[in-house]
Amino acid sequence: MNSLYGKTTPSLWPENGVVPLTPQWQESNCALARLLAIHRRALGKAIAVAVEIRRDIDELTPLMAALCRRTCRFCPEPCCISNTVWIDFRDLLFLHLLEEPIPPCQATSGPDDPCPFLSHHGCRLPPRIRPWMCIQYVCPAQRAVLKKRGRPAAASLLGKIERIEKNRVRMEAEVTRRVTRPMRTSPSSSPASSG
Ligand code: SF4
Ligand code: SF4
């Protein structure tokens, strides 16, 4: 069900069920969607910050993809297998505020198990909805490539990552401020007098 204020049931990705849905994850996301829908009218600033983050992620994606093309094909220890990653609360806020599809389960896996979104062709998730810790990860091999490209190129890429990081903190702070502030009630919504 979706209200006038926003979606109260999130769209989960992918719709074809390639990655199995986790019911507990779905319930948590429905609860978050309902909470944000209740406060949607007060969340304009948080949504504007999320839009900025999305624009910066869209700019960052081809730069990171170019780095991956240089380094990943022959990587002896791919980070999607060796690193433990997860979708954090800020990732979820970002996706919910923009009504982007939500991954169907958490990205975490056991030690040395690959991430559930990993396929033979790389990550199944569209870049925008990947965990931020994956999007912003620059491994040592990639740092070496950046170093060869020179300081301005490295500073530009790392600067974009830093800006997104700061905006994620701003976005969460803004949501927390709005959601925890007592809601104003209009006189018509006050309890009727029994006298
Ligand atoms: S990003 Fe780095 S660690 Fe990850 S697969 Fe590519 S080369 Fe390997
Ligand atoms: S979500 Fe994608 S990029 Fe992140 S670890 Fe999993 S497969 Fe790799």
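Conventions used here
- Residues numbered from 1 in each chain as written.
- Chains lettered and ligands numbered in written order.
- Predicted model: local features only at pLDDT ≥ 70, side-chain atom pairs only at ≥ 80, totals over all residues.
- Core = buried A, V, L, I, M, F, W, Y, C linked by C-beta atoms within 7 Å.
- Buried ≥ 20, exposed ≤ 12 C-beta atoms within 10 Å, placed from the backbone.
- Helix = DSSP H or I, 4+ residues; strand = E, 2+ residues; numbered from the N terminus.
- Contact = placed C-beta atoms within 7 Å.
- pLDDT = per-residue confidence, 0-100.
- Axes fitted to C-alpha atoms, helices over the stretch in contact; angles between N-to-C directions.
- Parallel < 35°, antiparallel > 145°, perpendicular 65-115°, else oblique.
- Near = placed C-beta within 6 Å.
- Nonpolar A, V, L, I, M, F, W, Y, C, P; charged D, E, K, R; others polar.

(A) Inspection of the nonpolar core at higher detail. Ala46, Ala50, Ile53, Phe94, Leu97 and Met171 are the most contacted members of the largest nonpolar core, which has 17 residues in total. Put simply, the parts of the chain that give this core at least two residues each are helix H1 (23-38), helix H2 (44-71), helix H4 (89-97) and helix H7 (151-180). A total of five residues in this core trace back to one element, the largest contributor, which is H2. For leucine 97, the residues in contact, after removing those within four places along its chain, are Leu36, Leu43, Ala46, Ile47 and Ala50.

(B) Broad picture of the confidence of the model for the chain. Confidence along the chain averages 88 in pLDDT terms, with 87% of residues attaining 70 or more. When pLDDT is averaged over each element of the chain, H4 comes out on top at 98 and strand E1 (residues 2-3) at the bottom at 50. Confidence over residues 187-195 falls short of pLDDT 50; this stretch has one contact with residues more than four positions distant or in other chains.

(C) Structural view of the packing of helix H6 (residues 140-149) against H7. The geometry of H6 relative to H7 is characterised by a closest axis approach of 5 Å and an angle of 130° between their N-to-C directions. With respect to H7, the element H6 is oriented oblique. The segment H6 lies against H7, with Leu146, Lys147 and Arg149 engaging Ala153, Ala154 and Leu157.

(D) Representation of the site of ligand 1. With respect to spatial proximity, the complete set of residues near ligand 1 consists of Cys68, Thr71, Cys72, Cys75, Pro78, Cys79, Cys139, Ala141 and Gln142. Those elements that provide at least two residues to the shell around ligand 1 are H2 and H6. Along the lines of polarity and charge, the residues of the shell around ligand 1 split into seven nonpolar, two polar and no charged.

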